[in-house]
Amino acid sequence: MPSVTIMANQIRNGRFEVEAVRSAWSRLPHSEDAAEDAGYHIPTRDSRGGLESLDYEVVENEPYKADRAQRRMLYVGYIVFVKWFSALLIGIGTGLSAFFINIAVENFAGWKFAATFAIIKHSYFAGFLVYMLFNLALVFSSVFIVTHFAPAAAGSGIPEIKGYLNGIDTPGILLFRTLIGKIFGSIGSVGGGLALGKEGPLVHTGACIASLIGQGGSTKYHINSRWFRDFKNDRDRRDLVTCGCAAGVAGAFRAPVGGVLFALEEVTSWWRSQLMWRVFFTSAIVAVVVRASMGWCKLGNCGHFSSGGFIIWDISGGQEDYSFQELLPMAVIGVIGGLLGAIFNQLTLYISSWRRNVLHKRGNRVKIIEVCIVSLITSILSFGLPLLRKCTPCPDLKEYPDIECPRPSGTYGNYVNAMFYFLAIITYGTAVPSGQFVPGIMIGSTYGRLVGMFVVKVYKKLNVEEGTYALLGAASFLGGSMRMTVSLCVIMVEITNNLQLLPLIMLVLLISKAVGDVFNGGFYEEQARLRGIPLLESRPKQYMRNMIAKEACVNQKVAYFPRVVKVGDVVAMLQSNSHNGFPVIDHLQNGETVVIGLILRSYLLVVLQLKADFQHIPVPSDTRGALSTRHSVTDFVKPASSKGLSINDIHLTQDEMEMYIDLQPFVNPSPYVVPEDMSLTKVYNLFRQLGLRHIFVVPCPSRVIGMITRKDLLSEEKEDSDATELPPVSIRS
């Protein structure tokens with residue numbers, strides 16, 4: 001009797017989660033005791049704080065086939081229309097959210113500074129009190145919303161969204177309350193002057209909007225639509241969330257192309273050309289909505305935001321050309337950005353780890369006190385440090401035409417914001433929505449401008465602009481910290497409106513990323529690892545090249561169901577473990593046992609809850625005709641909240657526990673299968689690129705019934721005369 005095992009290795013730092021059956025191609029043991037002794041080594045749902053893998057694979061069971069058979073061309077056109085209409089709604093919603101957050105932040109900041117400057121004329125101390133209390137009130141509102149209403153709204157949300165698109169669902173990250181908490185929490189934290197930005201939270205905001213549109217709203221708040229019932233699955237929701245991520249970046253920077261590339265480079269693990277079109281369309285809609293909103297504000301309808309914009313700076317009228325001599329200091333900026341970015345990632349990781357493991361376990365009150373203390377420190381430094389140095393007004397250009405001033409005459413010079421490095425480190429990880437784009441730009445532009453000042457003094461004959469070096473410094477720090485290249489390069493070009501700087505930005509990004517990769521991972525990857533999100537990186541680990549699939553599932557046993565199983569046995573199996581997929585076996589007429597497919601835990605729970613398929617005798621039932629009237633594909637959808645059915649929600653009588661279920665109509669009859677001697681590198685790539693949750697591992701096959709080539713996949717429907725089945729050929733005894 002061939003042995004049977006199941007692979008469920010959790011690969012963190014190179015280990016992934018696979019459920020695999022090792023048997024003789026489709027054979028399993030006849031022993032009934034095997035099911036009782038079987039057991040997985042998959043971590044339970046609680047072992048990672050509620051994380052759960054997503055099911056991107058199409059389950060081609062009987063309800064799915066019946067649903068496909070009922071679809072006509074008009075219905076297919078309706079599905080395509082709804083997909084594009086969803087992209088339109090995501091773009092409009094994210095654009096309006098970005099505009100609302102920006103207008104609220106600008107107005108709160110405007111009122112704060114207006115009151116501070118009015119009082120500071122009479123007393124610096126009174127002005128400081130007003131400034132501090134204003135910041136404290138805004139920050140308190142943000143942390144109160146997060147701690148008491150939407151805990152998942154804390155942080156930037158990008159590590160969680162990246163994990164979601166990588167196949168790992170974190171509970172609560174896409175809820176309606178998370179969206180509300182993200183929007184209003186960002187207004188409080190950014191308006192309160194903390195060393196953080198709203199760009200990262202806007203990515204999370206766009207993802208939440210996309211998820212809510214994909215599921216037709218929120219059932220908890222009685223906002224639901226049947227239009228989107230066909231998109232309530234992980235596969236279609238993944239595409240919508242990808243559109244939302246791109247829309248968030250497009251709304252934050254007014255960079256639609258950068259948003260598309262950000263979604264492609266940074267957050268997604270799976271991409272196709274059809275999705276590219278919808279993501280690009282969504283980003284374009286965001287750009288149109290933001291531009292129209294800004295045009296409305298120019299009429300004086302937005303208070304302090306009436307002349308504002310989303311572009312951080314515009315140096316289109318600055319340095320037009322650069323010389324070969326400047327490449328060396330620009331390369332130095334890239335090296336500095338890589339070093340400071342790596343140090344920033346490591347320090348932030350240490351402090352965030354201490355917060356999660358020690359400080360934040362003491363309750364919400366400690367979280368609120370911590371954020372208020374950080375707000376006080378930020379207010380003291382931002383108000384007091386400029387007073388330590390006397391700013392000198394720029395000289396009159398008519399009297400001193402040879403002296404260049406970085407600002408127009410009559411204004412004051414710019415004070416170096418080195419404090420942002422310290423403040424950004426202690427601020428990230430607090431219980432408020434926070435992004436790292438703006439702090440990164442402030443930090444990088446500081447040392448970039450210092451290098452520019454040095455270049456001005458050394459190369460006196462060159463037409464050197466310090467602002468150009470400040471831009472390159474900002475790009476270098478973001479590249480050294482976040483390790484983005486293509487998308488960040490395009491974003492920097494879009495927010496500066498200066499295409500001539502593209503080669504320089506590419507240079508510093510490549511250098512800063514290369515230097516940073518020597519020391520640690522990217523910012524979001526490190527934060528995802530801290531949160532216990534098991535991301536599958538783009539490349540497998542080196543040690544996997546020397547391993548095969550069989551070695552990854554050694555010393556593990558299988559837990560499976562027969563095709564016709566007693567209801568009580570199903571309940572007992574689901575109560576005794578937290579596995580999410582089970583092989584299903586059947587007995588042929590000749591007595592051998594074969595695997596007929598894989599059934600998901602969520603499908604079993606739905607079948608137990610509906611009770612429509614219970615039968616009194618343990619024999620297979622022919623339900624093909626009546627199955628479509630009892631079940632539809634929408635019966636098995638999983639909500640975006642990750643809080644679907646639980647075995648504790650199922651209530652059965654003793655008589656029902658003695659009944660039977662035929663599982664064959666609900667299994668996935670074609671799960672992905674790999675031979676036991678396949679290299680673990682190939683298994684890893686297959687698992688990640690297809691977005692799988694389970695892979696069966698079986699002994700090497702003994703027969704070949706055919707071979708599929710490129711011609712078979714590209715050819716039209718074959719005629720009956722060409723469909724000749726070849727006899728199987730034995731290749732192994």
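The paragraphs below set out a description of the structure included in this document.

Cut-offs and rules
Residues numbered from 1 in each chain as written. Predicted model: local features only at pLDDT ≥ 70, side-chain atom pairs only at ≥ 80, totals over all residues. Heavy atoms only, no water. Helix = DSSP H or I, 4+ residues; strand = E, 2+ residues; numbered from the N terminus. Expected span 1.5 Å × (residues − 1). Buried < 20%, exposed > 50% of the residue type's maximum accessible area, 1.4 Å probe, protein only. Patch = residues over 30% accessible without salt bridge, like charges linked within 9 Å, V, L, I, M, F, W, Y side chains within 5 Å. Areas by Shrake-Rupley, 256 points an atom, 1.4 Å probe, with all protein chains shown as cover. Salt bridge = Lys/Arg side-chain N within 4 Å of Asp/Glu carboxyl O. Pairing = 2+ DSSP bridges. Contact = heavy atoms within 4.5 Å. Axes fitted to C-alpha atoms, helices over the stretch in contact; angles between N-to-C directions. Phe/Tyr/Trp six-rings, centres within 6.5 Å; stacked < 30°, edge-to-face > 60°. Lys NZ or Arg CZ within 6 Å of the ring centre and 35° of its normal. 1 Å grid on protein atoms, 1.4 Å probe; cavity = no way out; pocket = protein on both sides within 12 Å on 5 of 7 lines; lining within 4 Å. Points joined across faces, edges and corners; volume = space filled by probe spheres on them. Nonpolar A, V, L, I, M, F, W, Y, C, P; charged D, E, K, R; others polar. Core = buried A, V, L, I, M, F, W, Y, C linked by side-chain atoms within 4.5 Å. Parallel < 35°, antiparallel > 145°, perpendicular 65-115°, else oblique. Left-handed = near helix turned anticlockwise from the far one by under 90°. Polar contact = N/O pair within 3.5 Å; in protein donor to acceptor, adjacent residues only side chain to side chain.

Another point: helix α9 (residues 256-267). For α9, with 12 residues, the first-to-last C-alpha span of 16 Å sits near the 16 Å given by 1.5 Å per residue. For α9, the complete set of buried residues consists of Pro256, Gly258, Gly259, Val260, Phe262, Ala263, Glu266 and Val267.

The next point concerns a nonpolar patch on the surface. Together, Val76, Val80, Trp84 and Trp277 give the surface a local cluster of nonpolar side chains, amounting to about 410 Å² of exposed area. A per-element tally of the nonpolar patch places helix α3 (residues 73-120) first, with three residues. Relative to the elements of secondary structure, tryptophan 277 occurs in helix α10 (residues 273-301).

The next thing to look at is unusual backbone geometry. A positive phi angle, close to 55°, is found at arginine 254, a residue other than glycine. Mapped onto the elements of the fold, arginine 254 is located in the loop between α8 (234-253) and α9. Even without being glycine, arginine 483 reaches a positive phi, approximately 60°.

Note on placement: valine 558 falls in the loop between α19 (549-552) and β5 (561-562). Residues valine 558 and phenylalanine 582, 24 residues apart in the sequence, show an inter-C-alpha distance of 8.4 Å.

Moving on to the sheet that holds β5. Reading across the sheet, the three strands line up as β5-β7-β8 and stay open at both edges, with mixed pairing between neighbours. In this open sheet, the two edge strands, each paired with only one partner strand, are β5 and β8 (593-600). Sitting on the sheet, helix α21 (residues 601-610) touches β5, β7 (581-587) and β8, and the angle it makes with β8 is about 80°.

A few words now on the pairing of β8. Among the eight residues that make up β8, eight are buried, leaving the element largely enclosed by the rest of the structure. Looking at chain direction, β7 and β8 are connected through seven bridges and run antiparallel. Of the residues in β8, the one forming a bridge with glycine 581 is leucine 600. Turn length for the β7-β8 hairpin, with the two strands adjacent in sequence and antiparallel, is five residues, and the turn residue glycine 591 shows positive phi of about 95°.

Below, the discussion takes up helix α6 (residues 176-191). Note that an α-helix has 3.6 residues per turn; residues three or four places apart therefore point the same way. For α6, which comprises 16 residues, the first-to-last C-alpha distance of 23 Å matches the rise-based estimate of 22 Å (1.5 Å per residue) to within 8%. Among the 16 residues that make up α6, 12 are buried, leaving the element largely enclosed by the rest of the structure. Turning to α6, the residues buried within the fold contact α3, α4 (124-148) and α7 (199-214).

Each pair of aromatic rings is reported with the distance of its centres and the angle of its planes. Applying the stated criterion across every chain, the model contains 17 aromatic pairs. Grouped by ring-pair contacts, the aromatic residues Phe344, Tyr421, Tyr428, Phe477, Phe523 and Tyr524 constitute a single cluster. Note that arginine 177 overlies the ring of phenylalanine 149, its terminal NZ or CZ placed 5.0 Å from the centroid. Above the face of the tyrosine 56 ring, arginine 238 is positioned so that its terminal group lies 4.1 Å from the ring centre.

Attention shifts here to empty space enclosed by the protein. Tallying each qualifying case throughout the model produces five cavities of 30 Å³ or more. One number sums up the size of the second largest cavity: a volume of about 80 Å³. The wall of the second largest cavity is formed by Asp55, Tyr56, Glu57, Val59, Leu598, Leu600, Asn668, Gly691, Leu692, Arg693 and His694. Of the residues in the lining of the second largest cavity, the class split is five nonpolar, three polar and three charged.

This part takes up the pairing of β7. For β7, a buried count of six out of seven residues is recorded, marking the element as mostly surrounded by other parts of the structure. Here two bridges tie β5 to β7, and the two strands are oriented parallel to one another. Residue pairing across strands places phenylalanine 561 opposite valine 584, the latter belonging to β7.

This part covers the nonpolar core. Core analysis: the largest hydrophobic core is formed by 99 residues, its most contacted members being Met492 and Ile505. Per-element accounting of this core gives the leading share, 10 residues, to α8. Dropping the residues within four chain positions of it, isoleucine 505 is found in contact with Leu471, Leu472, Ala475, Cys489, Met492 and Val493. By size, the runner-up hydrophobic cluster in this structure holds 33 residues, among which are Val571, Val595, Leu605 and Ile661.

Moving on, we come to the side chain of serine 379. Structurally, serine 379 can be placed in helix α12 (residues 364-384). Ignoring any residue separated from it by four or fewer positions in sequence, one finds serine 379 in contact with Phe128, Tyr131, Met132, Asn135 and Gly384.

What follows deals with the packing of helix α14 (residues 437-458) against helix α15 (residues 466-482). Orientation of α14 relative to α15, taken along the N-to-C sense of each, is 135°, at an axis distance of 6 Å. The angle between α14 and α15 places the two elements in the oblique class. Crossing geometry of α14 relative to α15 is assigned as right-handed. Across the contact of α14 with α15, the residue classes break down as 14 nonpolar, seven polar and two charged.

Quick look at the sheet that holds strand β9 (residues 614-615) now. Taken together, the three strands give an open sheet; going across it, the order is β6-β10-β9, and neighbouring strands pair in antiparallel fashion. Where the open sheet ends on each side, the last strands, each with one partner, are β6 (564-566) and β9. Two strands pair when backbone bridges link them, and β9 and strand β10 (residues 660-662) are joined in this way by two bridges, in the antiparallel orientation. Considered in β10, the bridge of phenylalanine 614 is made with isoleucine 661.

The next thing to look at is the packing of α9 against helix α16 (residues 486-496). Two elements in contact, α9 and α16, have axes separated by 8 Å at closest approach and are oriented at 165°. Judged by the inter-axis angle, α9 sits roughly antiparallel to α16. Remark: the crossing between α9 and α16 carries left-handed chirality. Counting all contacts with α9, which are made through Pro256, Val257, Gly258, Leu261, Phe262 and Glu265, the residues of α16 involved are Val486, Ser487, Val490, Ile491 and Glu494. Taken together, the residues of the contact of α9 with α16 sort by class into seven nonpolar, two polar and two charged.

Attention shifts here to the side chain of threonine 282. Among the structural elements, threonine 282 can be located in helix α10. Reaching out from threonine 282, the side chain makes a polar contact with the backbone oxygen of arginine 278 at a distance of 2.8 Å. The contacts of threonine 282, once residues within four sequence positions are left out, are Ala87, Ile90, Gly91, Cys243 and Ala247.

Here we take up the pattern of salt bridges. For the coordinates displayed, the defined rule picks out 20 salt bridges. Salt-bridge contacts for glutamate 526 lead to arginine 529; the nearest nitrogen and oxygen are separated by 3.3 Å. Taken together, the positions of glutamate 526 and arginine 529, both in helix α18 (residues 523-530) and three residues apart, correspond to about one turn of that helix. In this structure glutamate 526 comes out as buried when scored by relative accessible area, which is 11%.

Looking at where valine 335 falls in the secondary structure, it is placed in helix α11 (residues 327-359). Owing to a relative accessible area of 35%, valine 335 belongs among the partly exposed residues under this scheme. The sequence separation of valine 335 and serine 512 amounts to 177 residues, and the corresponding C-alpha distance is 5.4 Å.

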